[in-house]
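Listed here are the chains, written in short residue letters.
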Amino acid sequence: MAILLYNGEFGADDWYLALQAQLPDETIYIYPDVPDKAEVEFAAVWNIPPGELISCPNLRAILLLGAGGDFLMRETSLPPVPIVRLVDETVVFDMTQYCLYWVAHYYRRFDRYALNQANSHWQRVEYPPIERYRVGILGLGTIGTQIAGALSTLGYSVSAWVQTQRDAKQIKLYSGAGQFQEFMANLDVLINVLPLTNETHGFLDIERLKMLPKEAKVINISRGAVIDDEALRSVLDSGHLGAAVLDVFDQEPLPPDHWAWRHPRVCITPHASGQTYARSAVKGLVANIQRIKRGEQPFPLYDQSKGY
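Quick caveat: nothing in here was measured; it's all calculated off a predicted structure.

Q: Mind showing me how you'd approach the side chain of Asp70 here?
A: As for its placement among the helices and strands, Asp70 is situated in the loop between strand E4 (61-64) and strand E5 (83-84). What makes Asp70 buried here is its relative accessible area of 17%. A distance of 2.8 Å separates polar atoms of two side chains, one belonging to Asp70 and the other to Arg223. Apart from residues lying up to four places away in sequence, Asp70 is in contact with Trp46, Leu196 and Arg223.

Right under this line is the structure:
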């Protein structure tokens, strides 16, 4: 058996060492150095070039090394094997902390204090009771659910929108196209956690962004292409949106000449809201390899028809 390893621009050295420590008797090939593709039974990959996975004739599973699997949308053909999503509690925790920070930043008006400091202006800024500060989660998967729960525990008014109705605790839930505008219209902050699929590409267009109240804030931690880039620029330029915190972009690294770098209403982080650490995530990956070798079903599975 051999494991094919590739982690795109993030590099595979940490994953190689972690897998080697956990599976010392297994052969690990780091793409593109694969002497014999017929030996490959497991592909632990992220953003691998199209066509490489189907060229491994004895592949038993594709194990994702990052949240989501949108790079698979570029594949014209995939081997008929399970695709296993990566769920790492460390990543979920980090992304939750990221959102807690930025929500508190705007709730307590630290953005205003930064402007006051730049102008040597000493003045307290009022803010509402925390239960009146409205935060909406767009997408309620593993990460969105954790973020919603943490915000709700702190006392924020939390709601979420999902495509289909489901049970939810502690938060107000909106579902389907018919309730989307009502969801958007009652927010101070929108956190986008939608996965990137064919259906969500450009989902937050000019029409939907304008559904938000004036001066609302947007935090994007999912994928850049879920938000229409020019639509976002338009609502920021017009003053309709108060600010945008952007951790992800359609093109990464973000080109130096991109408008967002210098926009006064934009805060940028370099896809850092939740970083995957091999030292913690490798446990789940190895557990799924062992499940498959025992003839058991791996989990959680990536659904190609849904894109997540």
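Q: Looking at this structure, how should I read the side chain of Thr200?
A: With respect to the helices and strands, the residue Thr200 is situated in the loop between strand E9 (189-192) and helix H6 (206-209). Polar contacts involving the side chain of Thr200 include one to the main-chain carbonyl oxygen of Pro195, which spans 2.7 Å. Beyond its immediate stretch of four places on either side in the chain, Thr200 contacts Leu194, Pro195, Ala225 and Val226.

Q: Help me understand the sheet that holds strand E11 (residues 241-246) in this model?
A: Note on sheets: strands pair through backbone hydrogen bonds, and any given pair is parallel or antiparallel. Reading across from one edge, E8-E7-E6-E9-E10-E11-E12 is the order of the seven strands in this open sheet, with parallel pairing throughout. On the outer flanks of this sheet lie strand E8 (172-175) and strand E12 (266-268), each paired with one strand and no other. This sheet shows a mean twist of 15° between the axes of neighbouring strands, independent of strand direction. Pairing of strand E7 (residues 157-162) with E8 involves four bridges; the strand directions are parallel.

Calculation rules
Residues numbered from 1 in each chain as written. Predicted model: local features only at pLDDT ≥ 70, side-chain atom pairs only at ≥ 80, totals over all residues. Heavy atoms only, no water. Helix = DSSP H or I, 4+ residues; strand = E, 2+ residues; numbered from the N terminus. Buried < 20%, exposed > 50% of the residue type's maximum accessible area, 1.4 Å probe, protein only. Polar contact = N/O pair within 3.5 Å; in protein donor to acceptor, adjacent residues only side chain to side chain. Contact = heavy atoms within 4.5 Å. Pairing = 2+ DSSP bridges. Axes fitted to C-alpha atoms, helices over the stretch in contact; angles between N-to-C directions.

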